[in-house]
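Coordinate analysis (summary)
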Amino acid sequence: MKIDGIILRELQLPLVRPFETSFGVTRDRRILLAEVRSEGLTGWGECTAGEHPYFSGESTDTAWQILLHELGPMLAAESPEHGGDCPRIFRRVRGNRMAKATLENAIWDLEAQREGLPLFQILGGVRDRIACGVSLGIQSSIPELFGIIEKELAAGYQRIKLKCKPGWDVEVLDKVRSRWPAMTLSCDANSAYRLRDADHLVTFDAFDLLMIEQPLWHDDFYYHSMLQKRLNTPICLDESIRNRRDALAAAEMESCKIINIKLGRVGGFSEAIAVHNAAQERGIPVWCGGMLESGIGRAHNIALSTLENFTLPGDVSASARYWKEDIIEPEVTVTPQGEIEIPDTPGRGYEVRFDLIERLTVRKEAIRAFELVG
Ligand code: OSB
Ligand code: MG
């Protein structure tokens, strides 16, 4: 595919309600999109980096710079046939996986359109529907949290995940579990605890959690492995898993029993598939995480979630939970059974609302191809 143009855009998109994790509160998302034009088609990619480098070392601004000055020119100088060619094209750039995923996923998006096949099929997906859970941010009170849980369960969601941190954990989990003895419940600490909290974390076993996600350091395997030996509750790693090797190391060390796969965190579809396959070979189930994506990233998460080893409900939920108006058509909706039905139309399965994107764009820059590659 000859690359005819790459345009970066930043959209300002207010969340319908703030999202609070152990590392901070997000009210407005700065959505970075890449629009890749090739032979009359347009592929779209979304960068999942946060506004600040708190989840990972990347942010909207670092990703913009790397895309503009490094990855964009590298891609423009090549004619990739497949999304799977991108890791090779970008190999000289270390790290910056969310930036890389933005362009790689846009090429897969293009490839699916060119082949006239649904994206999920070219990824090797096998499902016609996926199971959905919700990730609920830290709330200002327990009654407020109860209200939200009621609503999400009524909407059909199959699993409730609570963001937690020291001071918003056992008391909350205890009350929620007492109120809903049978529901599928998990928690996500986003690295808020230390090894000295191990005795405290062991008390989480009383709440029959499906998993506890990333309790310790964002870059750790070793201490998670020590903690897992003490916990009955499965540990799920999110932040720590950057690639297939990490998944294998975590399996080898028994640092976790479940893996959350995020497209941006691992650098795009190729590595996400590699992590999925490695986990599957080691008997580790996976699920698809979310990063408060707009419809484009969401469509890509949906396609990824159709792979065989995505056997647990993901954090991929309806557009309306995040946005007053999403930038895709139709918006993502969830059935009363808590499932998303996979579109079987060619490409990503959701049309891009170009006029709305234009209106929401606060920054736009074209990659000046062929000039900057040494
Ligand atoms: O750890 O899964 C996480 C959002 C931002 C940063 C990190 C995480 C999250 C979520 C949100 O849990 C999931 C969603 O998109 O609904
Ligand atoms: Mg997480």
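Keep in mind it's a predicted model, so treat the numbers as computed, not measured. (Residues numbered from 1 in each chain as written. Chains lettered and ligands numbered in written order. Predicted model: local features only at pLDDT ≥ 70, side-chain atom pairs only at ≥ 80, totals over all residues. Heavy atoms only, no water.)

Here we come to the domain arrangement of the chain. Size of an interface: often given as the accessible area lost when the parts come together. Each domain of the chain was delimited in the assignment, giving domain 1 (5-116 + 352-368) and domain 2 (121-348). One C-alpha centre belongs to domain 1, the other to domain 2, and the line joining them spans 22 Å. Carbon and sulfur atoms make up 62% of the area that domain 1 and domain 2 hide from each other, which totals about 3800 Å². Three residues stand out in domain 1 for area buried against domain 2, namely Phe55, Arg97 and Arg353, and they jointly supply 18% of the buried area on that side. Run the count over domain 1 and domain 2 and you get four salt bridges. The partner of Asp109 in a salt bridge is Arg348, and the shortest N-O contact between them spans 2.8 Å. Counting across the interface, domain 1 meets domain 2 through 19 residue pairs in polar contact (both at pLDDT 80 or more). Of all the secondary structure elements, the ones that give two or more residues to the side of domain 1 that touches domain 2 are strand E1 (5-21), strand E2 (24-38), strand E3 (41-47), helix H3 (97-115) and helix H13 (354-360). Sorting elements by how many residues they give to the side of domain 1 that touches domain 2 places H3 first, with 11 residues. Taken together, the residues of the side of domain 1 that touches domain 2 sort by class into 20 nonpolar, 11 polar and 10 charged. (Domains from an automatic or database assignment. Buried area = accessible area lost by both parts, 1.4 Å probe. Salt bridge = Lys/Arg side-chain N within 4 Å of Asp/Glu carboxyl O. Polar contact = N/O pair within 3.5 Å; in protein donor to acceptor, adjacent residues only side chain to side chain. Helix = DSSP H or I, 4+ residues; strand = E, 2+ residues; numbered from the N terminus. Nonpolar A, V, L, I, M, F, W, Y, C, P; charged D, E, K, R; others polar.)

Another point: the coordination of the magnesium ion (ligand 2). Each protein donor to the magnesium ion (ligand 2) is listed here as Asp188 (OD), Glu213 (OE) and Asp238 (OD); together their distances run 2.1 to 2.3 Å. Every donor residue of the magnesium ion (ligand 2) comes from the same chain, spaced as D-x24-E-x24-D. Of the two residues, Asp188 sits in strand E7 (residues 185-188) while Asp238 sits in the loop between strand E9 (235-237) and helix H9 (244-253), which places them 50 residues apart along the sequence. Judged by its relative accessible area of 0%, Asp238 falls in the buried class. (Donors = N, O, S within 2.8 Å, 3.2 Å for Na, K, Ca; no water. Buried < 20%, exposed > 50% of the residue type's maximum accessible area, 1.4 Å probe, protein only.)

Ligand 1 sits among 16 residues. The nearest are Ser135, Asn190, Lys262, Leu292 and Tyr322. In this structure, Lys262 approaches ligand 1 through a side-chain N or O atom, which is 2.9 Å from an oxygen atom. Burial of ligand 1 by the protein chains amounts to 97% of its free accessible area of 390 Å². Looking at the shell around ligand 1, its residues break down into six nonpolar, three polar and seven charged. Here the shell around ligand 1 gathers at least three residues from each of two domains, domain 1 (5-116 + 352-368) and domain 2 (121-348). (Near = heavy atom within 4 Å. Areas by Shrake-Rupley, 256 points an atom, 1.4 Å probe, with all protein chains shown as cover.)

What follows concerns unusual backbone geometry. Cis geometry marks the peptide bond from Glu329 to Pro330, where omega comes out at -10 degrees. Within the element layout of this structure, Pro330 appears in the loop between strand E12 (328-329) and strand E13 (339-341). Of note in the backbone geometry, Glu39 takes a positive phi value of approximately 50 degrees without being a glycine. As for its position among the elements, Glu39 is in the loop between E2 and E3. The exposed category is assigned to Glu39, whose relative accessible area is 51%.

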